[in-house]
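Architecture at a glance
Each chain, letter by letter, is given below.
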Amino acid sequence: SICTWYGVTCKNLDNDGNDGHNNLFQQDSVKVVTSLDLSLNNLEGTMPSEINLLTHLSILNLSNNALEGRIPVDLSGLGLLETLNLEGNNLNGSIPDIFCDNGASILVDVDIECNCC
């Protein structure tokens, strides 16, 4: 299961999308990724646009790797994001305003455009 991978944290949701803590029948729940911390992993290449598919993500930490290129333009699927850390990479582009509107804690290098950092 992806939920057992290093740096990945998941939680259970019931069939109605609610936190599965009160669900007596765990077989009716689904696990979703809520945190991805891959900092200090010597990751190289670009930041994949598929990160947008992790719609329950509240923490994304890709700091201190060797990522380069543009930050994906469409990150609108990450509307629940509370913490974004991209420091210590060679990324460029801008942080979408949706994260500012949500009051997310954002840490980026100074050359990344961010209206609320």
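Structure shown above.
Just so it is clear, the structure is predicted and the values come from calculations on it, not from any experiment.

Residues Leu-60, Leu-86, Ile-95 and Phe-99 are the most contacted members of the largest nonpolar core, which totals 23 residues. Setting aside chain neighbours within four positions, we find Leu-86 in contact with Met-47, Leu-62, Ser-63, Ile-71, Leu-91, Ile-95, Leu-107, Val-108 and Asp-109.

Reading across the sheet, the five strands line up as S1-S2-S4-S6-S8 and stay open at both edges, with mixed pairing between neighbours. If you trace the sheet from one side to the other, it starts and ends with strand S1 (8-13) and strand S8 (105-107), each paired once. Taking the axes of each pair of neighbouring strands and ignoring which way they run, one obtains an average angle of 20° across the sheet. By the bridge criterion, six bridges tie S1 to strand S2 (residues 30-37) in an arrangement that is antiparallel. Looking at S2, one finds that Cys-10 is bridged to Val-33.

Here we take up the sheet that holds strand S3 (residues 44-45). With parallel pairing, three strands are arranged side by side in an open sheet as S3-S5-S7. Of all the strands in the sheet, just S3 and strand S7 (90-92) have a single pairing partner and so form its edges. Taken together, the three bridges between strand S5 (residues 66-70) and S7 define a ladder with parallel strand orientation. The partner of Glu-68 across the bridge, within S7, is Asn-90.

Conventions and cut-offs
The written sequence of each chain sets the order in which its residues are numbered from 1. In keeping with the predicted nature of the model, local features appear solely for residues at pLDDT of at least 70, side-chain atom pairs appear and are counted solely at 80 or more, and the whole-chain, interface and lining totals rest on all residues. To get the side-chain values, take all heavy atoms of the structure and skip hydrogens and water. Only buried residues count toward a nonpolar core. Its members are Ala, Val, Leu, Ile, Met, Phe, Trp, Tyr and Cys residues joined through side-chain atoms within 4.5 Å. Relative accessibility under 20% of the residue-type maximum defines a buried residue, over 50% an exposed one, and the middle range a partly exposed one, all with a 1.4 Å probe and only protein chains included. In what follows, a contact means two residues having at least one pair of non-hydrogen atoms within 4.5 Å. By the convention used here, strands pair only if DSSP detects at least 2 bridges between them. A helix here means a DSSP run of H or I that spans at least four residues, while a strand means a run of E at least two residues long, and both kinds are numbered starting from the N terminus. Angles here are taken between N-to-C directions and fall from 0 to 180 degrees, while the axes themselves are lines fitted to C-alpha atoms, restricted in helices to the stretch in contact.

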